[in-house]
Amino acid sequence: MNKFNIKEVKARQVFDSRSVPTVEVEVVLECGVYGRGTVPSGASTGKFEALELRDNDMKKLNGKSVYKAIENIKQIIAPAIIGMDATNQVAVDRKLIELDGSENKSNLGANSILAVSMAVAWAGANANKIPLYRHLGGANAKVLPIPMIQIIGGGAHANNTTDFQDYLVVPVGSKSFSEGYEMVVNVYNATKKIFSKYKKPLATADEGGFWPTKFNTNEEGLKLLLEGIEESGYEPGKDIAIALDIASSEFYEEDGMYRLSLENRNMNRIEYVDYLCQLIERYPIVSIEDAMAETDWEGSKLLTEKVGSKIQLVGDDLFTTNISRIQKGVKIGVNNSVLIKMNQIGTITETLDAIDFTKNAGYLPVVSARSGETEDTTIVHLAIATNAGQLKVGSVARSERTAKWNEVIRIEEDLQDNGVYDGGNIFKRIIK
Ligand code: PGA
Ligand code: ZN
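Residues numbered from 1 in each chain as written. Chains lettered and ligands numbered in written order. Predicted model: local features only at pLDDT ≥ 70, side-chain atom pairs only at ≥ 80, totals over all residues. Heavy atoms only, no water.

**A closer look at the coordination of the zinc ion (ligand 2)**
Line of reasoning, step 1. Donor atoms from the polypeptide that coordinate the zinc ion (ligand 2) comprise D245 (OD), E289 (OE) and D316 (OD), at 2.0 to 2.2 Å from the metal.
Line of reasoning, step 2. Mapped onto the polypeptide sequence, the residues donating to the zinc ion (ligand 2) form the spacing pattern D-x43-E-x26-D. Within this pair, whereas D245 is found in strand β6 (residues 241–245), its partner D316 is found in the loop between β11 (312–315) and α9 (323–332), the two being separated by 71 residues in sequence.
Line of reasoning, step 3. By relative accessible area, D245 is classed as buried at 2%.
Line of reasoning, step 4. For D316, a relative accessible area of 2% translates into the label buried. (Donors = N, O, S within 2.8 Å, 3.2 Å for Na, K, Ca; no water. Helix = DSSP H or I, 4+ residues; strand = E, 2+ residues; numbered from the N terminus. Buried < 20%, exposed > 50% of the residue type's maximum accessible area, 1.4 Å probe, protein only.)

**Things to note about the sheet that holds strand β9 (residues 265–268)**
Line of reasoning, step 1. Strands sit in the order β7-β8-β9 across an open sheet of 3 strands; the sheet is antiparallel. Of all strands in the sheet, those with a lone pairing partner are β7 (252–253) and β9, marking the two edges.
Line of reasoning, step 2. Packed on one face of the sheet, helix α7 (residues 269–282) meets β7, β8 (257–260) and β9 and runs near 105° to β9. (Pairing = 2+ DSSP bridges. Contact = heavy atoms within 4.5 Å. Axes fitted to C-alpha atoms, helices over the stretch in contact; angles between N-to-C directions.)

**Thoughts on the side chain of D376**
Line of reasoning, step 1. The topology assignment puts D376 in the loop between β13 (364–368) and α12 (378–385).
Line of reasoning, step 2. Despite its burial, D376 remains without a salt bridge, the nearest opposite charge being carried by K404 at 6.0 Å.
Line of reasoning, step 3. Looking at D376, its side chain comes within polar contact range of the side chain of T378, at 2.5 Å.
Line of reasoning, step 4. With sequence-adjacent residues up to four places away left out, D376 is seen in contact with R36, G37, T38, M118, W122 and K404. (Lys, Arg positive; Asp, Glu negative; His and termini not counted. Salt bridge = Lys/Arg side-chain N within 4 Å of Asp/Glu carboxyl O. Polar contact = N/O pair within 3.5 Å; in protein donor to acceptor, adjacent residues only side chain to side chain.)

**Observations regarding the site of ligand 1**
Line of reasoning, step 1. Looking at ligand 1, there are 14 residues lining it, with A43, H157, R370, S371 and K392 nearest.
Line of reasoning, step 2. Contact distances for ligand 1 include 3.2 Å between an oxygen atom and a side-chain N or O atom of K341.
Line of reasoning, step 3. Coverage of ligand 1 by the protein chains reaches 99% of its 280 Å² of free accessible surface.
Line of reasoning, step 4. Partitioning the shell around ligand 1 into residue classes produces 2 nonpolar, 5 polar and 7 charged.
Line of reasoning, step 5. Formed jointly, the shell around ligand 1 draws a minimum of three residues from each of two domains, domain 1 (6–129) and domain 2 (139–429). (Near = heavy atom within 4 Å. Areas by Shrake-Rupley, 256 points an atom, 1.4 Å probe, with all protein chains shown as cover. Nonpolar A, V, L, I, M, F, W, Y, C, P; charged D, E, K, R; others polar. Domains from an automatic or database assignment.)

**Focus on the domain arrangement of the protein**
Line of reasoning, step 1. For the protein, the domain assignment lists domain 1 (6–129) and domain 2 (139–429).
Line of reasoning, step 2. Its C-alpha centre places domain 1 at a distance of 27 Å from the equivalent point of domain 2.
Line of reasoning, step 3. Counting from both sides, the interface comprises 32 residues of domain 1 and, opposite them, 33 residues of domain 2.
Line of reasoning, step 4. It is S17, S44 and F48 in domain 1 that bury the most area against domain 2; as a group they hold 24% of the surface buried on that side.
Line of reasoning, step 5. Counting every contact that joins domain 1 to domain 2 gives 2 salt bridges.
Line of reasoning, step 6. Across the salt bridge formed by R370 and E49, the nearest N and O atoms sit 3.0 Å from each other.
Line of reasoning, step 7. Across the domain 1-domain 2 interface, the total number found is 19 residue pairs in polar contact (both at pLDDT 80 or more).
Line of reasoning, step 8. When residues of the side of domain 1 that touches domain 2 are traced back to their parent elements, those giving at least two are β3 (34–38), α2 (89–100) and α3 (110–127).
Line of reasoning, step 9. At 7 residues, α3 tops the list of elements feeding residues into the side of domain 1 that touches domain 2.
Line of reasoning, step 10. Here the side of domain 1 that touches domain 2 is composed, by residue class, of 13 nonpolar, 11 polar and 8 charged. (Buried area = accessible area lost by both parts, 1.4 Å probe.)

Structure below.
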């Protein structure tokens, strides 16, 4: 018997950083080694994501409990994968996909499938006594990502106090991951002072960034952030650039209008693209995610034609880590970057495939956490395994966020001089 074969699969309901239930799995091998995976979960969930199975019993945890998903693991998945070699991720993931049999993991739930896939990956790495990034990425896994970090968190992560979801920074002038991270921590603290200066209450939103109370416009977040960067002594654009995740599907209406409730302003796609272009002119913005809505391919194309050679345009809800959607975007020339979230697609190998596809198309992958996270650090290893180059995890506060950033710091140390950090140069691959 192979000592790396799966002997036992344990599944349980645990809770994420927003106190929402989620699925956790432990896979135990014949040799006694085990691996654990805890799945993340979103709030501004894209309509084309793989299905997250919840019990929908409103009498229990607001309908969010995941006991059905746990049962699927125990009754259906476990018997099918016990005896399989945990170091063979492709074989296990294929089995999971086949067991589900649907397009969007709607039979067993992407949360049950992904928890198992993640746990198997960790068990495989632990069995081989190597870090997960090495297990998934092999000999050439070496690129430390530039961090994209939230300073102000609005939208669905702060009770829709702003229409825009994330106001983030990217330390484009940094020479190493840890230097870049320190720079962002300085900006976070300086922005806190700016909030106090304008008598804005200080509270944190779901991903640890500041909760935007009493904002009059969405642009106000950009102004405060710019002041924060200046207050911390960095040169905006050169040392620290701004990024946005607008998550615009949340305020797009099917009549083709973008409706900014905060400003009581309605724009059609042409006016809205114009408005975004003005913001890009006025602020040192290096990246915008989900600028346009998940169904508005035409608007995405228009924006890409206008600014796609100047800044990074990331598709999150638009692409949902799904190769067929990314392929459509590449074909029609929409965006130049893809947000990568494991639970949008449902297995580790499909996530690896999406990253490969993105890179081969000349687009930049940005590996990302969700608004609901735990202490799990799988995405950090995934980013480094694939030399993806960019990582987005929310802010520098709250332990589910620092669990990830601190793991990058540890891996940076582990790689020593063999690690590669491109910093802001990564954007030169898409910006002309
Ligand atoms: P979500 O937010 O996890 O709530 O979807 C993160 C993002 O939009 O990138
Ligand atoms: Zn997003």
